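Survey of secondary and tertiary structure
Each chain, letter by letter, is given below.
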Amino acid sequence: RTNYAMFNSSLIEPRSVEWQNRTNPSEVRMQYLSYDGSGNILSYAKDRNPLMSYIWDYQNTYPIAEITNGDSANIAYTSFEANGKGNWTITSSLRDTLKSITGRRSYNLLNGAVSKSGLQTSRSYIVSYWTTNASAYSSITGNKSGYPIQGKTIKGWTLFMHKITGVTSVSVSGSGNIDELRLYPDSAQMTTYTYSPLVGMTSQ
């Protein structure tokens, strides 16, 4: 049996799925926890499986991030490709269309900071990004010992990863271009995507 409920004051969507074998008590096998305004699923929990969450973009038509074991309030991602902000607060709408590590666009931090609030001080988070800079951004505070760490460099872009804790917000500011900006709990796994609309996926 599929049970429905009202979401976002206007959407009637599946709320849960129950399964029953003969006369045994019914069991809830799936719970749909939240949707966006277009009816796209944001998070769901399947019986005996980790929580799954999603971030949508391109006018809410494509999922750009899939997160295993992370709730929608504690995740953020953008590749600066389309209209969405991926749960980040981005100061400017300007995008650099000449440089990118994935997709076709990146963001120059000289146009303003990128931030995310509402984090839990008791949790640890991963913040990662590709940048044209040779060093990590010092504006990201709360780093655990040994972080940030530097990853590979590809065509002038370098990957950096921070592991932060004890903070309620994160801010990325300074200079240089950034791309593939991610935030998720350290116990989660994030897979991200970019697309060329009406053509298909361009990176994973």
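That block above? That's the structure.
The structure reproduced in this document is the subject of the present report. Small disclaimer: the values here were computed from a predicted structure and weren't measured.

One open sheet holds the seven strands; their spatial order is β1-β2-β3-β4-β5-β6-β16, and the pairing between them is antiparallel. Both outer strands of the open sheet, β1 (2–7) and β16 (189–192), are each paired with one neighbouring strand and no more. Neighbouring strand axes in the sheet, compared pairwise and without regard to direction, differ in orientation by 20° on average. Relative to strand β3 (residues 27–35), strand β2 (residues 11–19) is paired through four bridges, and the arrangement is antiparallel. Within the sheet, the bridge partner assigned to E18 lies in β3 and is V28.

Here we take up unusual backbone geometry. Here the residue pair Y147 and P148 is connected by a cis peptide bond, since its omega of 0° sits within 30 degrees of zero. The phi dihedral of N8 falls on the positive side, at around 55°, and the residue is not glycine. The residue N8 is located in the loop between β1 and β2 in this model. The phi torsion at Y58 lies on the positive side, around 55°, for a residue other than glycine. Tracing the backbone through its elements, the reader meets Y58 in the loop between β5 (52–57) and β6 (62–68).

This next bit is on the nonpolar core. Inside soluble globular proteins, nonpolar side chains tend to come together where they are buried. Judged by nonpolar contacts, the single largest core of 21 residues is most densely connected at V114, I178 and L181. Among the elements of the structure, β11 (124–131), β13 (157–165), β14 (169–172) and β15 (177–185) are those that each provide at least two residues to this core. When near neighbours in sequence (up to four residues on either side) are disregarded, V114 contacts F80, W88, T89, I90, Y107, L109, V170, S171, V172, I178 and L181. With 13 residues, the next largest nonpolar core counts I55, I126, M190 and Y195 among its residues.

Another point: the side chain of T192. Turning to its location among the elements, T192 is positioned in strand β16. A polar atom in the side chain of T192 sits 3.2 Å from the side chain of E180. Here R182 takes part through its side chain, which lies 2.8 Å from a polar atom of the side chain of T192. Not counting chain neighbours up to four residues away, the residues in contact with T192 comprise I64, A65, Y77, E180, R182, S203 and Q204.

Under the defined criterion, the tally for this structure stands at six salt bridges. Two residues, E27 and R29, come together in a salt bridge whose shortest N-O distance is 3.2 Å. Ionic pairing is found between K163 and D186, a salt bridge with its closest N-O pair at 3.5 Å. With K163 in strand β13 and D186 in the loop between β15 and β16, the pair connects residues that are 23 residues apart, well separated along the chain. Note on D186: relative accessible area 35%, which makes it partly exposed.

For a regular strand, the rule is simple: side chains alternate between the two faces of the sheet. By the alternation rule, side chains of strand β10 (residues 114–117) split into V114 and K116, which are all buried, and S115 and S117, of which none is buried. Where strand β8 (residues 89–90) meets β10, two bridges bridge the pair, whose relative direction is antiparallel. Bridge pairing links T89 to S115 in β10. As defined by bridge partners, β10 adjoins β14 across four bridges and the pair is classed as antiparallel. From the neighbouring strand, V114 faces β14, where its bridge partner is V172.

Each value, and the rule that gives it
Residues numbered from 1 in each chain as written. Predicted model: local features only at pLDDT ≥ 70, side-chain atom pairs only at ≥ 80, totals over all residues. Heavy atoms only, no water. Pairing = 2+ DSSP bridges. Helix = DSSP H or I, 4+ residues; strand = E, 2+ residues; numbered from the N terminus. Axes fitted to C-alpha atoms, helices over the stretch in contact; angles between N-to-C directions. Core = buried A, V, L, I, M, F, W, Y, C linked by side-chain atoms within 4.5 Å. Buried < 20%, exposed > 50% of the residue type's maximum accessible area, 1.4 Å probe, protein only. Contact = heavy atoms within 4.5 Å. Polar contact = N/O pair within 3.5 Å; in protein donor to acceptor, adjacent residues only side chain to side chain. Salt bridge = Lys/Arg side-chain N within 4 Å of Asp/Glu carboxyl O.

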